[in-house]
Amino acid sequence: MIRHPLHDGWQLRAVPGPQVPSTIVDRAVPATVPGCVHTDLLAAGLIGDPYVDDTETTLAWIGRTDWVYECTFDAPPGDADRIDLACAGLDTVATLTLNGTELGRTENMHRGHRFDVTPVLRPGPNTLTVRFDSAYRYAEAHRDRLGDRPNAYPEPFQFIRKTACNFGWDWGPTLVTAGIWQPIALHAWSTARLATVRPLVTVADGVGRVTVHVDLERAAAESADDAPVTVRARVAGVVAEAVVAAGERTAALTVEVRDPALWWPRGYGDQPLHPLAVTLHAADGTELDAWSRRIGFRTVTLDTVPDAHGSAFALHVNDVPIFVRGVNWIPDDAFPNRVTRDRLAERFDQAAGANVNLLRVWGGGRYESEDFYELADSAGLLVQQDFLFACAAYPEEEPFRAEVEAEAREQVTRLAAHPSLVLWTGNNENIWGWHDWDWQRPLAGRTWGRGYYLHLLPGIVAELDPTRPYWPGSPWSGSEAIHPNDPAHGTTHIWDVWNTDDYTRYREYVPRFVAEFGYQAPPAYATLRRALSDDPLAPDSPGMAHHQKAADGDAKLRRGLDAHLPPPADFDEWHYFTQLNQARAIALGVEHFRSHRGVCMGTIVWQLNDCWPVTSWSAVDGDGRRKPLWYALRRAYADRLLTVAPRDGGLTLVAVNETAEPWRAPATVTRLTLGGEPRAKTAYDLDVPAYGKVELVLPADLAVPEGARRELLLAEAGQGVDRALWFFAEDRDVDWPTASYDATVEPVDGGVRVHVTARTVLRDLALFPDRLDPAAEADDALLTLLPGESATFTVSSARLLDPAALTARPVLRTVN
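Owing to the predicted nature of the structure, the values given are computational and were not obtained by experimental measurement.

## Brief notes about the overall build of the protein chain
Here is step 1 of the chain: The helix and strand tally for the protein chain stands at 17 helices and 46 strands.
Here is step 2 of the chain: For the protein chain, whose C-alpha radius of gyration is 28 Å, the value lies close to the compact-globule estimate of 28 Å for 816 residues.
Here is step 3 of the chain: Over its C-alpha atoms, taken along the principal directions, the protein chain stretches across nearly 90 × 70 × 60 Å.
Here is step 4 of the chain: Counting only residues that meet the buried cut, the protein chain has 60% of its 816 residues in that class.
Here is step 5 of the chain: Look at the contacts in the protein chain between residues 6 or more apart in sequence, and 69% of them connect residues 24 or more apart.
Here is step 6 of the chain: Averaging the coordinates of the 77 positive side-chain charges in the protein chain and doing the same for the 111 negative ones gives two points 1 Å apart.

## Here's the deal with the packing of aromatic side chains
Here is step 1 of the chain: Here the structure, examined in full by the defined rule, presents 42 aromatic pairs.
Here is step 2 of the chain: Between Tyr576 and Phe768, the aromatic rings sit 6.1 Å apart at their centres with planes inclined by 75°, giving edge-to-face as the arrangement. Here Tyr576 is found in helix α14 (residues 571-595), whereas its partner Phe768 is found in the loop between β42 (762-767) and β43 (777-778), with 192 residues between them in sequence.
Here is step 3 of the chain: Owing to a relative accessible area of 2%, Tyr576 belongs among the buried residues under this scheme.
Here is step 4 of the chain: Residue Phe768 is classed as buried on the basis of its relative accessible area of 11%.
Here is step 5 of the chain: Through a chain of ring-to-ring contacts, three or more aromatic side chains come together here, namely Tyr153, Phe157, Trp169, Trp171, Trp362 and Trp606.
Here is step 6 of the chain: One residue, Arg771, lies across the ring of Tyr525, its end atom 3.9 Å from the ring centre.

## Regarding the packing of helix α6 (residues 400-415) against helix α9 (residues 450-464)
Here is step 1 of the chain: Running from amino to carboxyl end, α6 crosses α9 at an angle of 35°, the nearest separation of the two axes being 10 Å. At the point where α6 passes α9, the crossing takes the right-handed sense. Where α6 abuts α9, its residues Phe400, Arg401, Val404, Glu405, Ala408, Arg409, Val412 and Thr413 lie against Tyr452, Leu456, Leu457, Ile460, Val461, Glu463 and Leu464.
Here is step 2 of the chain: Its residues placed into classes, the contact of α6 with α9 shows 10 nonpolar, 1 polar and 4 charged.

## Digging into the sheet that holds strand β9 (residues 125-133)
Pairing between sheet strands relies on hydrogen bonds along the backbone, with the strands arranged either parallel or antiparallel.
Here is step 1 of the chain: Spatially, β3-β2-β4-β9-β6-β7 is the arrangement adopted by the 6 strands of the open sheet, whose pairing is antiparallel. The sheet is open, and its two borders are formed by β3 (29-31) and β7 (101-107), each paired with just one other strand. Across this sheet, the average inter-strand angle for adjacent strands is 25°, counted without regard to direction.
Here is step 2 of the chain: Of the pairings in the sheet, the one linking strand β2 (residues 10-14) to strand β4 (residues 67-74) comprises 4 bridges and is antiparallel in character.

## Remarks on the layout of surface pockets
Here is step 1 of the chain: Computed from the structure, the second largest pocket encloses a volume of approximately 1,400 Å³.
Here is step 2 of the chain: Lining the second largest pocket are 49 residues, with Glu591, Arg723, Ala724, Leu725 and Arg763 positioned closest to its centre.
Here is step 3 of the chain: Of all the elements in the fold, those that place two or more residues in the lining of the second largest pocket are α14, α15 (628-636), β33 (640-647), β39 (724-727), β42, β44 (783-785) and β45 (790-796).
Here is step 4 of the chain: Ranked by residues supplied to the lining of the second largest pocket, first place goes to β33 with 8 residues.
Here is step 5 of the chain: Across the lining of the second largest pocket, the residue classes break down as 23 nonpolar, 10 polar and 16 charged.

## Observations regarding the side chain of Arg82
Here is step 1 of the chain: Along the chain, Arg82 turns up in strand β5 (residues 82-87).
Here is step 2 of the chain: Looking at Arg82, the relative accessible area reads 12%, which means it is buried.
Here is step 3 of the chain: Non-local contacts of Arg82, meaning those with residues more than four positions away in its chain, are made with Asp116, Thr118, His187, Ala188, Trp189, Glu217 and Arg218.

## Some words on α9
Here is step 1 of the chain: Taking 1.5 Å per residue as the helical rise, α9 with its 15 residues ought to reach 21 Å, and the 21 Å between its terminal C-alpha atoms agrees with that figure.
Here is step 2 of the chain: Of all the bends in α9, the greatest, near 30°, is centred on Leu456, and the proline Pro458 appears no more than four residues after it.
Here is step 3 of the chain: Inspection of α9 places Gly451, Tyr452, Tyr453, Leu456, Leu457, Ile460, Val461 and Leu464 among the buried residues, and these make up the whole buried set.
Here is step 4 of the chain: Turning to α9, the residues buried within the fold contact β13 (192-204), α6, β28 (421-425), α7 (430-436) and β29 (470-471).

## So, unusual backbone geometry
Here is step 1 of the chain: The step from Asp91 to Thr92 runs through a cis peptide bond, and the omega angle for that step is 0°.
Here is step 2 of the chain: Turning to its location among the elements, Thr92 is positioned in the loop between β5 and β6 (93-98).
Here is step 3 of the chain: In this structure, Pro475 follows Ser474 across a cis peptide bond, with omega equal to 5°.
Here is step 4 of the chain: Here Pro475 shows up in the loop between β29 and β30 (492-494).
Here is step 5 of the chain: You will see that Asn355, though not glycine, has its phi angle at about 65°, which is positive.

## Quick word on the sheet that holds β39
Here is step 1 of the chain: Reading across the sheet, the 4 strands line up as β36-β35-β38-β39 and stay open at both edges, with antiparallel pairing between neighbours. Edge positions in the sheet fall to β36 (678-688) and β39, since each has one partner strand and no second. Direction aside, neighbouring strands of the sheet carry axes that sit 15° apart on average.
Here is step 2 of the chain: Here strand β35 (residues 663-673) runs beside strand β38 (residues 711-716); their pairing, made up of 6 bridges, is antiparallel. Across the sheet, residue Leu672 finds its bridge partner in β38, namely Leu712.

## Observations regarding the side chain of Asp465
Here is step 1 of the chain: Here Asp465 lies in the loop between α9 and β29.
Here is step 2 of the chain: Judged by relative accessible area, which is 0%, Asp465 ranks as buried.
Here is step 3 of the chain: A distance of 2.5 Å separates polar atoms of two side chains, one belonging to Asp465 and the other to Thr467.
Here is step 4 of the chain: Beyond its immediate chain neighbours, meaning those up to four positions away, Asp465 contacts Leu200, Val412, Ala416 and Ile460.

## Here's the deal with the nonpolar core
Here is step 1 of the chain: With 154 residues, the main nonpolar core has Trp169 and Phe387 as its most contacted residues.
Here is step 2 of the chain: If one sorts the elements of this core by residue count, α14 sits on top with 12 residues.
Here is step 3 of the chain: Apart from the residues within four sequence positions on either side, Trp169 is in contact with Tyr153, Phe157, Ala164, Trp362, Ala390, Cys391 and Lys549.
Here is step 4 of the chain: Core analysis: the second largest hydrophobic core is formed by 40 residues, Ala31, Leu85, Leu96 and Val120 among them.

## Structural notes on the state of the cysteines
Here is step 1 of the chain: Per the counting criterion, the structure on display carries 0 disulfides.
Here is step 2 of the chain: Not engaged in a disulfide, the cysteine Cys611 finds its nearest cysteine sulfur in Cys165; these two sulfurs lie 6.1 Å apart.

## Topic: the pairing of β2
Here is step 1 of the chain: With burial as the criterion, only one face of β2 is covered, namely that bearing Trp10, Leu12 and Ala14; the residues Gln11 and Arg13 on the opposite face remain uncovered.
Here is step 2 of the chain: Where β2 lies against β3, 3 bridges are found, and the strand directions are antiparallel. What sits directly across from Trp10, in β3, is Ala31.

Conventions adopted
- Residues numbered from 1 in each chain as written.
- Predicted model: local features only at pLDDT ≥ 70, side-chain atom pairs only at ≥ 80, totals over all residues.
- Heavy atoms only, no water.
- Helix = DSSP H or I, 4+ residues; strand = E, 2+ residues; numbered from the N terminus.
- Rg over C-alpha atoms; globule rule 2.2 N^0.38 Å.
- Buried < 20%, exposed > 50% of the residue type's maximum accessible area, 1.4 Å probe, protein only.
- Contact = heavy atoms within 4.5 Å.
- Lys, Arg positive; Asp, Glu negative; His and termini not counted.
- Charge placed at Lys NZ, Arg CZ, Asp CG, Glu CD.
- Phe/Tyr/Trp six-rings, centres within 6.5 Å; stacked < 30°, edge-to-face > 60°.
- Lys NZ or Arg CZ within 6 Å of the ring centre and 35° of its normal.
- Axes fitted to C-alpha atoms, helices over the stretch in contact; angles between N-to-C directions.
- Left-handed = near helix turned anticlockwise from the far one by under 90°.
- Nonpolar A, V, L, I, M, F, W, Y, C, P; charged D, E, K, R; others polar.
- Pairing = 2+ DSSP bridges.
- 1 Å grid on protein atoms, 1.4 Å probe; cavity = no way out; pocket = protein on both sides within 12 Å on 5 of 7 lines; lining within 4 Å.
- Points joined across faces, edges and corners; volume = space filled by probe spheres on them.
- Expected span 1.5 Å × (residues − 1).
- Bend = angle between axes of the 7 residues up to and from the residue.
- Polar contact = N/O pair within 3.5 Å; in protein donor to acceptor, adjacent residues only side chain to side chain.
- Core = buried A, V, L, I, M, F, W, Y, C linked by side-chain atoms within 4.5 Å.
- Disulfide = S-S within 2.5 Å.

Right, dumping it as structure tokens:
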């Protein structure tokens, strides 16, 4: 097999239509492949940046326009039996023509396509044309043909096999893309090729087994002209091979490795990876084709056994129950060609830095890339991959059923090698939507996706990859007889918090597994200033309003502030308070759910990342800057956690140990005044088992204050464990002293150290150096200091930062 990439020399033009601007008509521009129309037009200076201000709204015509990509290439040399045009991904409704001959048509962004071009190629120059018809026109035509179906947004995204959030979401822009979004190449081959390679890895009784399932494609038109070929697999120094007789097209080889080093999630062990090489050979030994991946030896099972609390939902890796400390993952950019391996590596470092051990790839985006999964394998980050259905009733009629089956088979096969992938999920919120979102009347008996989630997809996973569990939806209770979002069964999404209720309502839940919960905040100040020209910035200024996509989002932010914090005096205070409130909301939820470890076995915060600059639920904003939530998540997801929890009318100290070693340490809980004067104190000897927790009911002299507006609890358990605080009143009601402190700034390599010593209590002290240098970042945030205590922030920056500005409002902030 010889591969000839076709990534150079492409031109792009719009098919004329009344919606096409005059500056675009009859104009060809250079096209980047892989890429998309938007980024090509942006590179050519023909459109503005869709992430700036409200430029997005001026670009709706792009998704309603047909586009033509064209390139000229020379036929590859050689005398191969067959030359294919291999397209890893076309977005979406494409017609391919070579030298005036139509090769075929596609209508699914989520799968590859291959065309035999042997009879069409000619010596010398060849012209390849790929026409993309409007995704809107295609989707609306199928909607009109099949009958409309409910969804979360007024867009036809469920009537086309394309990234749903291209059509906009409550955190994303409406930028309906088109283009050759994945690699495209000529593949020249003879005799046979490896059409698919599907390694299934199991471990039992100290033996690792890799069963390699191979599907071949033969070059000969008739099986009588076939020749025998040999498939060989090699891993960890062990080789297996099988002869595939003439006329046969499948093979299965098993390689056994004694006592393999096991692959573990991060925090539970190492991630040894072993190269697996599969080669195909002709009868004379000539290598015809080759495939390679890195695999890991591990087992994964899903415990859903009924118990006294309902029914469990717990992932077990290598027979060890894993408490999932997860985040939801959305596409990291609206334009996938901009998501490089380095950018993914940065996000993965941010996830691991926040003590995350699982990424859930949400069903309104994409099946993530090989780069994504290779990085997850190396980092020990578990992955839950949704099949791509989200927040809508999906038609099951043709052509959709056939396309869904083809994409599912391709993706389950493609991802089978990756040890990080531990769970397939059928959809995001669609079964819940059918139950609770008033879908049944407008559907009037029409299909909505049930057949996919409960029959087609589980059948494909069981057939092609029985080594991994499948779960029909997120949320899903495990049975159609039980409400799909019942917290006592399976997975649950908690969205009454944020939509209608205060975040303290998290404490009313004792769920088995929380697959979504979140709270909004704006992005970093530097991100806002890059993306918005508003002068001045205000919560409701035009750019801020456009970059808030959630229904009643600003009102919900205000409601959250009113419940907890003093009224903000200006935009700077609003910005700090809303970011603080997000961090507190999620920290409270995570700590509460972790305090019920054993009943609850996982939390997946909505969401880690953003695809553009926006007010959203993310911990890392659209420019890659960490919001205060990230720092709060790092503490709440720490291996060892102290938290004070209200229980049965009193207060309880809960210590959670997510390590393989018992946690034995002296601990103290002190009731203090805001001035740091102790009023009561109790000492404890913590003895927390590995992967366990203990609960210690606090006595009344600690749990009942003399003055709720002037006191707090402080729980400590020595070095290496974040202390826990409990305030008896909301910040808006606390008798805060005016903040007083001493601060010094010391230059260090790569930035500065800011040393702050409190003269009064400093509540949730934070440093926002991006206000001085957009590239600057602090190593910590949201530290509460009592009088006499100190904290040191290390700020990375290549600039000389003004010490006076670094140590004063609005860069240095505290609630009081």
